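Descriptive structure summary
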Amino acid sequence: CGVIGVFGHPEAANLTYLGLYALQHRGQESAGIVSGDQGKLYVQRGMGRVADVFGLEQIGKLPGDQAIGHVRYSTAGGSVLRNTQPVFINYRHGAFAVGHNGNLVNAAELRTRLEREGAIFHTDMDTEVVVHLLARVPGDDTGTRLAAALQQVSGAYSLVCLTESRLIGVRDPMGFRPLVLGRLIDSGGFVLASETCALDLMGAEFVRDIEPGELIVISKEGIESRKPFAPVGRRMCVFEYIYFARPDSVLDGVHVYSARKRIGQALARLHPREADLVVPVPDSGVAAAMGYAEASGLPFELGLIRNHYVGRTFIQPAQRGRDFGVKVKLNAQPNILRGKRVVLVDDSIVRGTTSAKIVSLVRAAGAREVHFVVSAPPTTGPCYYGIDTPDRSQLIAAQHTIEEVRKIIGADSLGYISLEALYEAVGGCGQGFCDACFSDDYPLPTPEGHGSRQLH
Ligand code: 5GP
Ligand code: SF4
Ligand code: MG
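Each chain has its residues counted from 1, running along the sequence as written. Written order decides the labels, with chains lettered from A and ligands numbered from 1. Residue-level local features of this predicted model are given only where pLDDT is at least 70; pairs of side-chain atoms are given and counted only at 80 or more, and the full residue set underlies all totals for whole chains, interfaces and linings. Computation of side-chain values covers all heavy atoms of the structure but excludes hydrogens and water.

**Some points on the site of ligand 1**
Whether a residue is near a molecule or strand is decided by its heavy atoms; if any one of them lies within 4 Å of it, the residue is near. What surrounds ligand 1 is a group of 15 residues, the closest being Asp-346, Asp-347, Val-350, Arg-351 and Ser-355. Think of a polar contact as two N or O atoms within 3.5 Å of one another; within protein, one of them needs to be a possible hydrogen donor and the other a possible acceptor, and neighboring residues in sequence only count if both atoms come from side chains. Between ligand 1 and Tyr-73, the relevant distance is 3.3 Å, taken from an oxygen atom to a side-chain nitrogen or oxygen of the residue. Contacts to ligand 1 include Asp-347, whose side-chain N or O atom sits 2.4 Å from an oxygen atom. Elements with a contribution of two residues or more to the shell around ligand 1: α8 (239–244) and α13 (353–364). Helix and strand definitions follow DSSP, with helices as H or I runs of at least four residues and strands as E runs of at least two, each counted in order from the N terminus. At three residues, α13 tops the list of elements feeding residues into the shell around ligand 1. Asp, Glu, Lys and Arg are counted as charged, while Ala, Val, Leu, Ile, Met, Phe, Trp, Tyr, Cys and Pro are counted as nonpolar; the rest, among them Gly, fall into the polar class. Classifying every residue of the shell around ligand 1 gives six nonpolar, six polar and three charged.

What follows is the structure, given as structure tokens:
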């Protein structure tokens, strides 16, 4: 998911809308904005992309100089209108809205307990647990109560919250998901955003990352930073750098595009190939393929062209024996690939089904050899912290050796990045990141059992 917050701008909702546009890659299932005007909150939410949900009419119903917004990609709760965010409530302390990026690992237990106590849930989202907890903790200050509510929660959360007078941002103690603070150049107001690419579009300058475990309260009095949680050490999601974040963003001080290029350079060193061309699987493999080409001296070519206009409602003709799946999105160019030995670069292999289809597309376009290199290590475990990976039984690298995966996807060779090389590329020594889906080292207890190494 992607989240935005704006405080202190006469067109807060419109700016939030711009920010959500920049974060559309983080979720396309639904979009929503809650704005605040003179102590009242207004809400507009809907299914689909930002452009499907918001027009002049909807923005016009969101007055005020403060707002939060959310684009959703579901990891908990189905993709239906009821589950759109921001979650918005009226309770004894007034109105409150929250947008959540992440996933709570103990939401089911908390929900069972709360329901036994009489709570009535309106959605299937883990995020709703937070507002039920918030309604129960004592105290007057929302920031303090929010921190107390979050003490009971385990998992990944970057939150933006709006009350009648304040914008609150929180990053969980491990900082799995990013969250940044920016300053609006024209009004001097403040912005919270999942990624810096949103600040660029909103006309805000980057101030700093919200730190893991930090709760920041923005009001007319200014900014107040709190550290309500016991420090546990940063575990930022390394997959944000490989795939999820936009390449033009800077996450925790690291430029994503540059990190991806360095991963590609490392792949060229780890998996050098006798080949004629380096071809990315667009868009996710582009920066790594550039790095591979640079380091290997092989020419970079767009042998696969992506159609950017494929909607979710593509109607498959009932013609037998034709699977349009990947072909609708990607076309392989025989004029580039015919007779060539190709190094194909993609960000990750999850189920392996897409990768197998892409390899066969490239071969059908005349490639003589296809060498697949991957800018993630083998994906061997599911994510419980906000990325929607299928369960272990469907992860090809959890069920098969690398050699078996190579055969299944039909490549002449297959090479993954190593964890060591990955960390060198993202500029760290492996400390301070989560890499559980590659290493089985789960930083927080998972519903499947902590560090489920024994399941292999
Ligand atoms: P596979 O070969 O596993 O079927 O598909 C791999 C492709 O899925 C890669 O190109 C990668 O870009 C994409 N991918 C990786 N992670 C995710 C994810 O969390 N969501 C979506 N929609 N695609 C992903
Ligand atoms: Fe990121 Fe993987 Fe950790 Fe999930 S398990 S937070 S995708 S590194
Ligand atoms: Mg891809």
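**Some thoughts on the pairing of strand β21 (residues 369–374)**
Exposure categories follow from relative accessible area, calculated using a 1.4 Å probe and restricted to protein chains: below 20% of the type maximum is buried, above 50% is exposed, and the middle band is partly exposed. Within β21, five of the six residues are buried, leaving the element largely enclosed by the surrounding structure. For two strands to count as paired, DSSP must find a minimum of two bridges between them. Across six bridges, the pairing between strand β20 (residues 341–346) and β21 is parallel. Paired with Leu-344 across the two strands is Phe-372, which belongs to β21. Handedness of the β-α-β unit built from β20, α13 and β21 comes out right-handed. Taken together, the four bridges between β21 and strand β22 (residues 413–416) define a ladder with parallel strand orientation. We call a crossover right-handed when, viewed with both strands directed away from the observer, the connection leading from the first strand over the helix to the second proceeds clockwise.

**Digging into the site of ligand 2**
Every residue near ligand 2 is listed here: Arg-177, Cys-237, Val-238, Phe-239, Cys-383, Tyr-385, Ile-387, Cys-434, Asp-435, Ala-436 and Cys-437. Among the residues forming the shell around ligand 2, the class breakdown is nine nonpolar, no polar and two charged.

**Section: the nonpolar core**
Buried Ala, Val, Leu, Ile, Met, Phe, Trp, Tyr and Cys residues that are joined via side-chain atoms within 4.5 Å together make up what is termed a nonpolar core. By size, the foremost hydrophobic cluster in this structure holds 49 residues, and its most contacted members are Tyr-241, Val-278, Tyr-292, Val-343 and Tyr-385. When contributions to this core are tallied by element, the ones reaching two or more residues are β14 (236–237), α8, α9 (256–270), α10 (286–296), β20, α16 (419–425), β23 (433–434) and α17 (436–439). In terms of residue count, α9 provides more of this core than any other element does, six residues in total. Each of two domains, domain 1 (2–234) and domain 2 (255–307 + 325–455), supplies a minimum of three residues to this core. Leaving out residues up to four positions away in the same chain, Tyr-292 has contacts with Gly-264, Gln-265, Leu-267, Ala-268, His-271, Pro-272, Arg-273, Val-278, Leu-298, Val-343 and Val-373. Formed by 30 residues, the second largest nonpolar core is a distinct cluster that contains Tyr-91, Leu-114, Leu-146 and Val-153. Domain delimitation in this document rests on an assignment produced automatically or drawn from a domain database. Working rule for contacts: check all heavy atoms of both residues, and any pair within 4.5 Å makes them a contact.

**Observations regarding the environment of Ala-119**
Assignment of secondary structure puts Ala-119 in the loop between α4 (107–116) and α5 (127–136). Through-space distance from the C-alpha of Ala-119 to that of Thr-142 is 20 Å; in sequence the pair is 23 residues apart. Apart from the residues lying within four places of it in its own chain, the contact partners of Ala-119 are Leu-114, His-132 and Arg-136.

Just geometry here; none of it tells us what the structure is for.
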